[in-house]
Amino acid sequence: MKKVFLLMMTAAVIWGFYLASPYRREERAAIQLARPQVMDIRDTVTLQGTVIDPERKKVYPEGASRVLAVYVQPGEPVKAGQVLMRLERINDEQEAQAATVSALGKIKDTLETGDLSGAETMLEDVLKNGPASVQRNFDEKVYQLYSPVNGTVMSVSVQAGEDVSPLFPCIQVSDLNTLMIEASANEEVIGKLREELDCEISIPAFSLSGLQGKVSSILPYAQQTGVINSNSSATTTVRIALSKQNTALRPGYRATVKVITSRRKSAVLIPYEAVFQDETGQEYVKKVVNNIAIKQNILTGAELEDTVEAIQGVAPEDVLVLSSEEICEGAFIEYAALGHDGDSS
C-alpha cells in the first residue's frame, strides 16, 4: 500500500512540474483577440459620368451664307464681342437650297459613323432652326459673327469658301468656369440620392481626385438604355456642380463620383475575422467575458475595406476572438497580451 502511495505522489509531482514547464505552455493554442475600433463612417453611392459644359454657346450664320474667313480655331480663348468669322449672304435660291441639303447630309454622315449622340444634337439644331435671339441685319450682304461670351472655342465646323445653312452652328464657345459632371444613376441607387448631397469627384484622365461638389439636379424621369440589344435598364441623369473649378478640367472626359448619402459618428467597427455565422445565417461574435468565451448575436451594417460596422451586440470595450472555430462557447481564455488591433492570448 505504501508503494502505491509513493507512486501516486511521484506521478502527481511529475505532472505538476509538467504543467509548470515550458513544454506545457507550448501546447496551449494561441488565438488572436481584438477590440473594436470607433470612428466616423459614411455611406456612399458611386456614379460614372462625364465632364460637361452646360453653358456652351452655339453661333449660327444669319441665313444661307458663304464663309469668307475664319479667325479662330478650337482651343483658342476668346472674349465676348470678339470677331469669330466673316460671311457673305447667299441671295441665289438654288445656292441657298444646296447649302441646306449639304447641312442635312451632315446628319446622314454622322449617323453612318455610329455617332447617335452627335446626330441627335444636330437634329435638335435643325428643329430650332437657329437661335431666336440672333439679331439679323439683312441690309448688309457681308457680316461678321461675334463671340457671345468670354470662353474657349470648342469647335469650328466650317472653313473659308464653304456654303453654310442657318440650321447648324458654325462655331461653339464654352465658358470653362461653369463645368459640371453629368452622371447616370440606375434604379438600385436613385432612391438614395437627393439634391445638395456632398460628392467627391475623380477625373482619371488628369489624375485628379478628391474634387468636392454637390448634387445640383436630378431629372424627374428615367431613360431606357440598351433597348436595341434587349438589355434594357432605366437610368436617371444626375448633375453635380463642382465646389471649386479646376483649370485642368475639360469637357468630355470620364468622371467617377462618390455621392455621400449618410454619415454616422462613433460607429463601432470590427474585423471581418471576428464575425461568424451559424447554420441559420445569424451572424455572431465570440466575446471574452471574465476569461470565458461567450457567443453574442450581432447586427451588422456598412462594410468597409477591412472591417464591418456592428450596429448591435458589440460595445467599444469588448474583446473579440478572431477566426478560431475551435474556440467554443464557454472555453477558458488566458491572456498573454492584448493590443488595440489584436494580439495573441
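As the structure is a prediction and not an experimental result, all values here were calculated from the model. (Residues numbered from 1 in each chain as written. Predicted model: local features only at pLDDT ≥ 70, side-chain atom pairs only at ≥ 80, totals over all residues. Heavy atoms only, no water.)

Enquirer: So, the overall build of the chain: which residues are in play, and what are the values?
Expert: The number of helices and strands found in the chain is 4 helices and 23 strands. By the burial criterion, 34% of the 345 residues in the chain qualify as buried. Partitioning the contacts of the chain with sequence separation of at least 6, the portion at a separation of at least 24 is 73%. Accessible surface for the chain amounts to roughly 20700 Å². Of this, 51% is attributable to carbon and sulfur atoms. (Helix = DSSP H or I, 4+ residues; strand = E, 2+ residues; numbered from the N terminus. Buried < 20%, exposed > 50% of the residue type's maximum accessible area, 1.4 Å probe, protein only. Contact = heavy atoms within 4.5 Å. Areas by Shrake-Rupley, 256 points an atom, 1.4 Å probe, with all protein chains shown as cover.)

Enquirer: Account for the side chain of Ser174, naming residues and giving values.
Expert: Here Ser174 lies in strand β10 (residues 171–174). A distance of 2.2 Å separates the side chain of Ser174 from the side chain of Asp53, its partner in a polar contact. Beyond its immediate chain neighbours, meaning those up to four positions away, Ser174 contacts Asp53, Arg56, Gly151, Thr152 and Met154. (Polar contact = N/O pair within 3.5 Å; in protein donor to acceptor, adjacent residues only side chain to side chain.)

Enquirer: Report on the sheet that holds strand β9 (residues 163–164), specifying residues and quantitative values.
Expert: With antiparallel pairing, the 4 strands of this open sheet are ordered in space as β7-β6-β4-β9. Each edge of the open sheet is held by one strand with a lone partner, namely β7 (142–146) and β9. (Pairing = 2+ DSSP bridges.)

Enquirer: An account of the confidence of the model for the chain is requested, with residue identities and associated values reported.
Expert: Confidence in the prediction for the chain averages 82 pLDDT; 72% of positions are at 70 or higher. Contacts for the low-pLDDT stretch residues 130–135, under 50 throughout, to residues beyond four places or in other chains number 6 contacts. (pLDDT = per-residue confidence, 0-100.)

Enquirer: Account for the sheet that holds strand β8 (residues 151–156), with residues named and values stated.
Expert: Ordered in space as β3-β10-β8-β5, the 4 strands form an open sheet in which the pairing is antiparallel. Where the open sheet ends on each side, the last strands, each with one partner, are β3 (57–59) and β5 (77–78). Direction of pairing for β8 relative to β10: antiparallel, over a ladder of 4 bridges. Its bridge partner lying in β10, Val156 is registered against Ile171.

Enquirer: A description of unusual backbone geometry should follow, citing residues and the corresponding values.
Expert: We note that Glu196 has phi near 80°; this positive angle belongs to a residue other than glycine. In this fold, Glu196 is placed in the loop between β11 (180–186) and β12 (198–203). A relative accessible area of 53% places Glu196 in the exposed class. Even without being glycine, Ser207 reaches a positive phi, approximately 55°. With respect to the element layout, Ser207 can be found in the loop between β12 and β13 (208–218). Of the residues examined, Ser207 reaches a relative accessible area of 66% and is grouped as exposed.

Enquirer: So what about the pairing of strand β21 (residues 307–312)? Which residues, and what values?
Expert: Here strand β16 (residues 254–271) pairs with β21 via 3 bridges, running antiparallel. Among the inter-strand pairings, Ile270 is bridged to a residue of β21, identified as Val308. The pairing of strand β20 (residues 299–303) with β21 spans 3 bridges and is antiparallel. Considered in β21, the bridge of Glu303 is made with Val308. Between β20 and β21, which pair antiparallel in sequence order, lie 3 residues.

Enquirer: Would you mind going over the packing of aromatic side chains in detail, with residue names and values included?
Expert: Inspection of every chain in the model, using the stated rule, returns 2 aromatic pairs. When the ring of Phe276 is compared with that of Tyr284, the centres are 5.7 Å apart and the planes differ by 25°; the resulting orientation is stacked. For Tyr284, a relative accessible area of 12% puts it in the buried group. Against the face of Phe276 rests Lys286, its NZ or CZ located 4.4 Å from the ring centre. When the ring centre of Tyr284 is taken as reference, the NZ or CZ atom of Lys295 above it lies at 4.6 Å. (Phe/Tyr/Trp six-rings, centres within 6.5 Å; stacked < 30°, edge-to-face > 60°. Lys NZ or Arg CZ within 6 Å of the ring centre and 35° of its normal.)

Enquirer: Tell me about the nonpolar core, and please be specific about residues and values.
Expert: Ranked by internal contacts, the top residues of the largest apolar core, which has 24 residues, are Leu47, Ile181, Ile201, Ile203, Ile240, Val257 and Val259. Every element with two or more residues in this core is listed here: β2 (37–52), β11, β12, β13, β15 (233–242) and β16. Apart from the residues within four sequence positions on either side, Leu47 is in contact with Ala183, Ser184, Ala185, Val189, Leu193, Ala255, Thr256, Val257 and Val259. Judged by nonpolar contacts, the second largest core, of 15 residues, contains Val59, Val67, Val72 and Val153. (Core = buried A, V, L, I, M, F, W, Y, C linked by side-chain atoms within 4.5 Å.)

Enquirer: Tell me about the pairing of strand β4 (residues 65–70), and please be specific about residues and values.
Expert: Of the strand pairs in this sheet, β4 and strand β6 (residues 83–89) are connected by 5 bridges, and their pairing is antiparallel. Looking at β6, one finds that Ser65 is bridged to Arg89.

Enquirer: Quick rundown of the environment of Ile240? Include the residues and the values.
Expert: Examined against the element boundaries, Ile240 turns out to sit in strand β15. Measuring from C-alpha to C-alpha, the distance between Ile240 and Val257 comes to 8.5 Å, with 17 residues separating the pair along the chain. With sequence-adjacent residues up to four places away left out, Ile240 is seen in contact with Met180, Ile181, Ala183, Cys199, Ile201, Gly213, Lys214, Val215, Ser216 and Val257.

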